[in-house]
Amino acid sequence: MSIEASIHQALRHLTNGQATVKVNGNTVGQCLNGLVKQFPGIKPKLFDKKGRLLNYVDIYVNLESSYPEELAMSVKDGDKLHITLIIAGG
Amino acid sequence: MLTVNELERYDRQIMIADIGEEGQEKLKRARVFIAGTGGLGSSAAIYLTAAGVGKICVVDHDRVELSNLNRQILHWDEDVGKKKAASATEKLKKLNHDLEIEAIEETITEANVFQLIANFDLIVDAMDNLPTRYLLNKAAIEKNIPFFHGAVYGFEGRAMTIIPGKTACLRCVYRGVIPKEKFPVIGVTPAVIGCIQATEVIKYIVGIGELLKNRLLIYDGLDMKFTEFKVKKDPQCEHCGHVRKG
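Being a predicted model, the structure only gives us computed values, none of them experimental.

(A) Molecular detail of the interface of chain B and chain A. At the interface, 31 residues of chain B touch 14 residues of chain A. Mapped onto the side of chain B that touches chain A, the elements with two or more residues apiece are helix 4 (39–51), helix 7 (130–142), strand 5 (147–153), strand 6 (156–162) and strand 8 (225–230) of chain B.

Structure representation (structure tokens):
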């Protein structure tokens, strides 16, 4: 399973500046865990201490919101993940 | 009925077949509430004023600071220290003195939000924090007023149009809260997003085009690309879950 994860601009300093990262997994959660294995520094920006997705992180799969399944949402080879953060500046 | 002066002033947009004199009259009759006169509010307000929206109310409780001037283009060097709402309306009235332009120098709160938005047809979300955005979103849904969302951070901007009861609302899309923060931003980002919000407002008023309904548009100025995410109305949404399709 090869999934392309797009990394939000504000997180790219944690992925060595990479805008996209190849990850593997059958679910969004597995893909994010794979991302964390490659770039451990991103973990606290995605998950709380109990391993739940932070509520200001939004995941889109093939340009559609993964809510409410989120981490449990199934993905397949070739899918595209977008990892985004809420922004609120005006 | 448009005056001779208005026919000349808005000639180039009246030439757009989808607008015409009828569309311009709709703009003249419209009443738009702009929450915030920062980067987004400056950009949106200028173009809605230039387009001839008949009544515009700008709401802001802040005073102009020097560090605002890289992006909040309604405020100039001479305005540092002045109330933003007053500074904004002064420029907007100079741009188009035929319009009714009102300044409200208040903080938007649960206690006053319904009073503030009463008598307006549309709300532009040009705030700089999530709690007030959520407050306005909820009030807009309760009062069945279209809500035009925009937000920025650095080179990134977002826009979405919310039609109460029919589309996903801000709370359907965002469930989290981030603290009010000093956020990084380059002025061109709110310029782009404020113009997109103004475009959506104009289209809604005139009744043309495809709105950003159930579509979260993300602008990435660094990579210079627009990405569109599909979003859905959440039946369990705490703001709009109870509102049925009208």
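(B) Structural view of the environment of B:Q72. All names here are of chain B. Following the sequence through the fold, Q72 ends up in the loop between strand 2 (55–59) and helix 5 (84–95). Here the alpha-carbon distance between Q72 and A30, two residues 42 residues apart in the chain, equals 24 Å. With residues up to four places along the chain from it excluded, the contact list for Q72 reads G38, G39 and S42.

(C) View of the nonpolar core. Residue and element names in this part refer to chain B. One finds I34 and V124 to be the most contacted residues of the largest nonpolar core, which totals 92 residues. Of the residues forming this core, the biggest block, 10 residues, is contributed by helix 9 (residues 188–206). Excluding residues that lie within four positions of it along the chain, I34 makes contacts with G41, A44, A45, I56, C57, V58, V59, V124 and A126.

(D) How the structure looks around helix 1 (residues 28–38) of chain A. Residues and elements named next belong to chain A. Buried residues of helix 1: V28, G29, C31, L32 and L35, and no others. Here the buried residues of helix 1 occupy an arc of 160° about the axis, which is enough to place them on one side. Elements in contact with the buried residues of helix 1: strand 1 (3–7), strand 2 (20–23), helix 2 (43–46), strand 3 (57–61) and strand 5 (80–85).

(E) Representation of the environment of A:H13 in the model. Residue and element names in this part refer to chain A. Here H13 shows up in the loop between strand 1 and strand 2. When the 11 C-beta atoms within 10 Å are taken as the criterion, H13 is described as exposed. A C-alpha to C-alpha distance of 28 Å links H13 and E69, two positions 56 residues apart in sequence.

(F) Quick peek at the packing of helix 4 of chain B against helix 9 of chain B. Residues and elements named next belong to chain B. Between helix 4 and helix 9, the shortest axis-to-axis distance is 7 Å and the interhelical angle comes to 40°. The angle between helix 4 and helix 9 places the two elements in the oblique class. Seen along the crossing, helix 4 lies across helix 9 with a hand that is right-handed. Facing G39, L40, S42, S43, A44, Y47, L48 and A51 of helix 4, the residues of helix 9 in contact are P190, A191, I193, G194, C195, Q197, A198, V201 and I202. Taken together, the residues that form the contact of helix 4 with helix 9 break down as 12 nonpolar, 5 polar and no charged.

What counts, and where the lines are drawn
Residues numbered from 1 in each chain as written. Chains lettered and ligands numbered in written order. Predicted model: local features only at pLDDT ≥ 70, side-chain atom pairs only at ≥ 80, totals over all residues. Contact = placed C-beta atoms within 7 Å. Helix = DSSP H or I, 4+ residues; strand = E, 2+ residues; numbered from the N terminus. Core = buried A, V, L, I, M, F, W, Y, C linked by C-beta atoms within 7 Å. Buried ≥ 20, exposed ≤ 12 C-beta atoms within 10 Å, placed from the backbone. Arc of directions from axis to C-beta. Axes fitted to C-alpha atoms, helices over the stretch in contact; angles between N-to-C directions. Parallel < 35°, antiparallel > 145°, perpendicular 65-115°, else oblique. Left-handed = near helix turned anticlockwise from the far one by under 90°. Nonpolar A, V, L, I, M, F, W, Y, C, P; charged D, E, K, R; others polar.

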